[in-house]
Every structure is written in C-alpha cells, then in structure tokens.
Amino acid sequence: MRIAVIGCGYVGLVTGSCLAAVGHEVVATDNDFARIATLLAGRVPIHEPGLDGVMERARNSGRLRFTMDCGEAVRASDALFICVGTPPLESGEADLSAIDNVARQIASEAQSPKLVIEKSTVPASTGEQLQRTLAAYGRDSSVSFRVASNPEFLREGTAVSDFLHPDRIVVGVNDAESEQQLREIYQPLLSGAFHCPIHPSGCPAADAPIFLVTTLTSAELIKHASNSFLGLKISYANVIADLCEKLGGNVEEVTRAMGLDPRIGPQFLNAGLGFGGFCLPKDIQAFVRLAHRHGVEFSLLKEAEQINKRRIDKFLEKVRHALWVVKDKKIGVLGLAFKPNTDDIRFAPAIEVVRRLVAEGAAVRANDPVAIERASGVLSGATLLEDPYEVAKGADALLLLTEWSDYRDLDWTRVYSLMARPLVLDARNALAPEKMKAHGFEYHSFGRPDLKAKAALASF
C-alpha cells in the first residue's frame with residue numbers, strides 16, 4: 001500500500017520506517033526542513049535503539065523516502081498517518097494547531113480518495129473536527145476523505161520492537177472500508193508473515209496482536225485513558241514509598257507483592273522521582289481538561305498529577321537534609337533523560353532538579369550516556385561531562401536521576417575513591433542499598449529503610 005507519514009518525530013519516524021519494513025511504500029514529510037535534510041543525508045535525528053538499522057534497510061529497499069514537499073506526500077499516497085505534535089497549551093489542553101494545518105494541506109493537495117489516520121495523541125472528538133476540516137477545505141468535490149484513529153502505544157527506548165511486536169492494534173473507524181484498509185496495512189503484523197529486521201536470527205515467540213476495532217471516539221479515549229492510568233500507578237507507588245519511609249516498611253517488598261496479583265501487575269509500580277517525558281504529563285493534563293470541559297470532575301487524576309510534581313520537592317528535601325547547606329557544594333548528577341535508552345529530555349524531572357540546584361548555588365556537573373547534546377541546549381550554569389567518573393571527582397554528593405544500566409555497572413569502588421564525601425542519593429531506587437553500604441557509601445533512596453535502622457530493629 002502507498003502510505004504517507006506526516007511528521008517525522010519519534011512516532012512518525014518509527015511508524016514510517018516500520019511500515020516500510022513490513023512491505024509498504026512509504027513517503028514521510030515534516031515542516032522542519034532541517035530534520036528532513038538530516039534524514040535525506042541518511043542520519044537519524046533521535047536516539048531510538050534499532051531505528052537506524054530499520055530505517056537504513058527500508059531506504060535501501062526503495063520502500064521509504066523523505067520529502068520536504070507535503071503536497072507530494074499527500075498526492076503519492078492512499079492512506080496518510082498524521083504524526084505531528086500536540087503539545088500542551090498553558091491551560092493544559094492539547095494544542096491541535098499542527099493537526100489543523102495538516103488537515104488543510106491534505107484537503108487542498110489531495111487528488112484522489114484518502115484514508116486519513118490520526119496517529120498523534122488527540123482528545124476525543126478530534127476526528128469529527130478533522131472530518132469537517134477536510135470537507136471544508138477540499139478543492140475537488142469528487143475527492144472523498146475518510147478519517148480513522150489508530151493510537152500509538154510506543155515506549156521510547158523500545159519503540160521499534162513495540163511497533164513490530166504489539167500486544168494490540170486499536171483502530172477507531174466509522175465505516176467498513178476504513179476498517180478493511182487498516183487491516184491490510186497491519187496484515188503483515190497480524191499474520192506474522194514478515195522477517196523481523198531487529199531479530200535477524202528469528203523473531204521472539206509471541207501471540208499475534210489483538211486487532212481491536214472501536215468507534216472513532218473510543219479509540220481517541222483509549223490512548224489518554226491508558227497513559228493516565230499508568231501515571232496513576234506511578235503516583236500510587238510513590239505515596240506508598242512515602243508511607244514506608246514513615247513506618248519503616250520497604251516499598252519494593254510492598255509493590256512486588258502487589259504486582260504478583262494478576263489484576264494489578266508489576267509494571268509502573270516503581271517508586272522514585274516520578275514520571276516525565278512528553279507523553280504522560282501532557283496526556284494527563286489534556287484528559288483532565290477534556291473531562292472538565294464536558295462536566296466530569298477528574299479529581300483522581302488531578303491528585304496523581306500533583307503527587308508527581310511534588311516528587312522533585314521531596315527529593316530536594318533529601319538532598320538538603322543530607323548536605324545541610326547546598327550552596328557552593330559540588331554535586332554530581334548521573335542521568336538527564338526522562339528515562340533510560342532515549343535522549344529525550346522533555347519534561348524530564350532530572351532537568352528540573354539540576355535547574356533548581358544551580359539556582360540554589362550548587363556547582364553541578366552532570367552526565368548522561370546519550371542526552372548531553374540535547375541537555376546543553378536547555379541547561380545553563382551546569383557543567384556537562386562525557387565521563388561519569390569526572391562527574392564524581394571531588395563531589396560532595398552524587399545524585400542518580402535516570403536509571404541507566406551504565407550507572408548500575410559503574411566501578412563503585414573507584415567512584416568512592418574519587419568523591420570528597422561518599423554520599424549517593426538514588427532518585428530511582430536503581431541501586432542495591434546493601435551493595436552501596438558495602439562500598440562504604442552513605443546512601444539514600446525512596447521508601448527503602450536505612451540498613452542501620454533495619455539491623456537495630458532486627459537485634460531488638
């Protein structure tokens with residue numbers, strides 16, 4: 001099938017590359033001409049494991065190409081995936097101006113019937129507005145437009161695998177023809193009849209994904225409902241961690257037992273600095289505003305949002321308590337991305353922690369395996385270093401803010417010898433307390449009891 005992908009960010013690049021990998025002819029475009037120039041030069045502008053190889057093979061096969069001309073992409077396709085950004089406005093509602101612009105371009109450039117697919121995360125009823133805009137701006141009355149919703153469930157760091165091995169594919173449609181066309185698009189994934197480019201020795205055994213057909217509105221709600229629920233789980237775990245600190249419990253023991261219940265599951269029950277990134281914070285805000293606009297009070301999500309915002313305050317309280325005075329202290333930071341295996345720093349809690357420490361007069365040095373270049377554009381007053389051991393040298397405290405495996409595997413004996421004071425504050429509960437204590441560190445995390453206090457209780 002001939003497919004256009006409009007928007008070459010995380011979702012668009014993964015969607016276009018993977019659709020080409022399974023056999024479709026894909027043309028991708030973006031209004032960021034610098035990004036398209038980078039892609040035309042064969043470079044991937046984002047860090048996403050496996051994407052560079054999938055994209056290169058798709059381009060070499062002739063099934064994936066990039067263009068700066070959105071009209072060309074529209075005219076060359078039967079189906080179009082809209083993958084543009086929907087950032088939050090000051091009110092918290094989603095900014096849909098990019099989708100509106102794309103709709104008008106599609107309407108004015110189309111010369112044949114098109115299936116227009118929402119891949120961007122949008123509030124409910126966007127599909128109806130999209131359908132009206134396409135009809136209003138269409139120049140040729142003989143050209144028809146059908147609108148569908150196909151929400152993405154890609155996790156940064158594993159997005160390629162998530163696309164090629166999904167647990168479910170959700171499509172929201174208003175007609176049988178759109179459903180059939182979407183089935184054809186995803187048939188290689190539904191049948192498993194393709195060679196997975198990220199597993200050359202054979203794809204991992206997995207059940208075929210569920211192809212779930214819903215109404216257009218339900219599909220739009222599913223994405224926001226899913227992400228908001230994940231945010232709820234994280235905030236819930238963080239409140240449990242706070243309670244454990246007060247009572248001497250261990251949050252990891254509590255959440256592990258909870259997660260063994262199949263009705264709950266273990267995912268997203270990790271206590272720490274809270275969630276960030278471009279999806280969960282903005283999707284929760286947008287869902288709350290959507291509910292309010294339609295007379296539904298979503299106080300449950302509002303509180304989850306506030307709990308998450310307070311995590312940075314709680315962590316900085318731990319830093320101040322441990323250091324006494326923050327001003328003029330040398331503080332090392334490990335991790336700037338909002339999660340491991342990505343260079344995405346949008347709404348990253350680590351970035352806000354660094355900014356606030358710098359504002360309090362600390363001398364901050366920071367490292368991240370892949371996000372330093374992006375962080376350099378938004379952080380001032382902090383020194384960004386390529387070597388994590390240089391970050392630790394002479395530090396009064398070392399803060400672990402992103403749970404990269406690189407940091408778990410550091411030579412912590414060497415780190416101990418480099419620091420002015422062997423103090424580690426682990427905002428992600430990524431390190432083993434017993435191991436850190438054995439190395440001689442003063443170690444703090446969220447919701448896990450101090451080992452000395454635990455030993456004292458055991459001997460009582």
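Note that the coordinates shown come from a computational prediction; the quantities given were computed from them, not determined experimentally. Within each chain, residue numbers correspond to sequence positions counted from 1 in written order. A pLDDT threshold of at least 70 governs which residues receive local features in this predicted model, and a stricter bar of 80 or more applies before side-chain atom pairs are shown or counted, although totals over entire chains, interfaces and linings include all residues. Computation of side-chain values: all heavy atoms of the structure, hydrogens and water removed.

A. Region of interest: the overall build of the protein chain. Helix and strand definitions here come from DSSP, where helices need a minimum of 4 consecutive H or I residues and strands a minimum of 2 consecutive E residues; each element is numbered from the N-terminal end. Along its length, the protein chain carries 19 helices and 14 strands. Its C-alpha atoms give the protein chain a radius of gyration of 24 Å, near enough to 23 Å, the size a compact globule of 460 residues would have. The principal-axis extent of the C-alpha atoms belonging to the protein chain is close to 80 × 50 × 45 Å. Residues counted as buried form 52% of the 460 residues belonging to the protein chain. Sequence separation of 24 or more characterises 73% of the internal contacts of the protein chain that already satisfy a separation of 6 or more. A total of about 20700 Å² of accessible surface is found on the protein chain, and carbon and sulfur atoms cover 53% of it. Computation of the radius of gyration draws on C-alpha atoms alone. For the globule rule, the value is 2.2 Å times the number of residues to the power 0.38. Accessibility here uses a 1.4 Å probe with only protein chains present; expressed as a share of the type maximum, an area under 20% marks a residue as buried, one over 50% as exposed, and anything in between as partly exposed. Contacts were defined at the residue level, with two residues in contact if any of their heavy atoms lie within 4.5 Å. Only the protein chains shown count as cover for residues, and the accessible areas themselves come from Shrake-Rupley with a 1.4 Å probe.

B. Local environment of helix H13 (residues 349-359). For H13, every residue scored as buried is listed here: Pro349, Ala350, Ile351, Val353, Val354 and Leu357. In this fold, the buried residues of H13 make contact with helix H12 (299-323), strand S9 (330-334), strand S10 (363-367), helix H14 (372-376) and strand S12 (397-400). Among the residues trailing H13, Gly361 stands out with phi positive, at a value near 95 degrees.

C. View of unusual backbone geometry. One non-glycine residue, Phe268, adopts positive backbone phi at about 65 degrees. Residue position: Phe268 is located in the loop between helix H10 (251-259) and helix H11 (280-293). On the basis of relative accessibility, which here comes to 30%, the residue Phe268 falls in the partly exposed class.

D. Structural detail: the pattern of salt bridges. Salt bridges are defined as contacts in which a side-chain nitrogen from Lys or Arg sits within 4 Å of a carboxyl oxygen from Asp or Glu. Scanning the entire structure with this criterion turns up 28 salt bridges. Between Glu152 and Lys223 there is a salt bridge, and its shortest N-O distance comes to 3.4 Å. Within this pair, whereas Glu152 is found in the loop between strand S6 (145-149) and helix H7 (159-164), its partner Lys223 is found in helix H9 (residues 216-247), the two being separated by 71 residues in sequence. Just as Glu152 is buried, Lys223 falls in that class too.

E. Broad picture of the packing of helix H1 (residues 10-21) against helix H3 (residues 51-60). Close contact between H1 and H3 brings their axes to 9 Å; oriented N to C, the two are set at 50 degrees. With respect to H3, the axis of H1 lies oblique. Considering only the axes of H1 and H3, their crossing is left-handed. Contact with H1, carried on its side by Leu13, Val14, Ser17, Cys18, Ala20 and Ala21, involves Leu51, Val54, Met55 and Ala58 of H3 and no other residues of that element. In this analysis, axes come from line fits to C-alpha atoms, helices being fitted only over the stretch in contact, and the angle between any two N-to-C directions falls in the range 0 to 180 degrees. These descriptions rest on fixed angle ranges, namely under 35 degrees for roughly parallel, over 145 for roughly antiparallel, 65 to 115 for roughly perpendicular, and the rest for oblique. In this scheme the crossing of two helices becomes right-handed for a clockwise turn of the near helix relative to the far one and left-handed for an anticlockwise turn of less than a right angle.

F. A look at the pairing of strand S7 (residues 168-172). Of all 5 residues that make up S7, 4 are buried, and the element is covered over most of its length. Paired strands are those between which DSSP finds at least two bridges. With 5 bridges connecting them, S7 and strand S8 (residues 210-214) associate as parallel partners. In the sheet register, Ile169 faces S8, and the bridge partner there is Phe211.

G. Quick look at the confidence of the model for the protein chain. One number per residue, pLDDT, summarises how confident the predictor is, and it ranges from 0 to 100. Here the protein chain shows a mean pLDDT of 93. Residues at 70 or above account for 94%. With pLDDT under 50 throughout, residues 455-460 is counted as low confidence; its partners more than four residues away or in other chains account for 0 contacts.

H. Representation of the side chain of Asn308 in the model. By the secondary structure assignment, Asn308 is in helix H12. Any N or O atom pair separated by 3.5 Å or less is treated as a polar contact, with the protein-specific requirement of one donor-capable and one acceptor-capable atom, and with residues adjacent in sequence counted only for side-chain atom pairs. Within polar-contact distance, the side chain of Asn308 engages the backbone nitrogen of Phe275 at 2.7 Å. The contacts of Asn308, once residues within four sequence positions are left out, are Ser235, Leu273, Gly274 and Phe275.

I. The arrangement of the environment of Arg139 in detail. Within the fold, Arg139 resides in the loop between helix H6 (126-137) and S6. Given the relative accessible area of 72%, Arg139 is considered exposed. Along the chain, Arg139 and Ala110 lie 29 residues apart, while their C-alpha atoms are 8.4 Å from each other. Leaving out residues up to four positions away in the same chain, Arg139 has contacts with Ala107 and Ser108.

J. Region of interest: the packing of H6 against H9. Packing of H6 against H9 leaves a shortest axis separation of 8 Å and a crossing angle of 125 degrees. Taken together, the axes of H6 and H9 lie oblique to each other. Contacts between H6 and H9 involve Thr126, Gly127 and Glu128 from the first element and Leu216, Thr217 and Glu220 from the second. Classes in brief: Ala, Val, Leu, Ile, Met, Phe, Trp, Tyr, Cys and Pro nonpolar; Asp, Glu, Lys and Arg charged; the others, Gly included, polar. A breakdown of the residues in the contact of H6 with H9 according to their chemical character gives 1 nonpolar, 3 polar and 2 charged.

K. Structural context of the environment of Arg414. Within the fold, Arg414 resides in helix H17 (residues 412-418). Residue classification places Arg414 among the partly exposed residues on the basis of a relative accessible area of 40%. For the pair Arg414 and Gly92, spaced 322 residues apart in sequence, the C-alpha separation works out to 45 Å.

L. Local environment of the packing of aromatic side chains. Only rings of Phe, Tyr and Trp enter the pairing, Trp through its six-membered ring, and a pair is recorded when the two centres are within 6.5 Å. The plane angle decides the type: under 30 degrees is stacked, over 60 is edge-to-face, the rest tilted. Inspection of every chain in the model, using the stated rule, returns 6 aromatic pairs. On the basis of an interplanar angle of 25 degrees and a centroid distance of 6.2 Å, the ring pair of Phe278 and Phe347 is categorised as stacked. Taken together, the positions of Phe278 in the loop between H10 and H11 and Phe347 in the loop between S9 and H13 put the pair 69 residues apart, joining distant regions of the chain. Owing to a relative accessible area of 46%, Phe347 belongs among the partly exposed residues under this scheme. Ring geometry for Tyr416 versus Phe441: centroids 5.5 Å apart, planes at 85 degrees, classification edge-to-face. Within this pair, whereas Tyr416 is found in helix H17, its partner Phe441 is found in the loop between helix H18 (433-438) and strand S14 (442-444), the two being separated by 25 residues in sequence. Classification of Phe441 by relative accessible area gives buried; the value is 3%. Feature note: the residues Trp412, Tyr416 and Phe441 constitute an aromatic cluster, connected by ring pairs.

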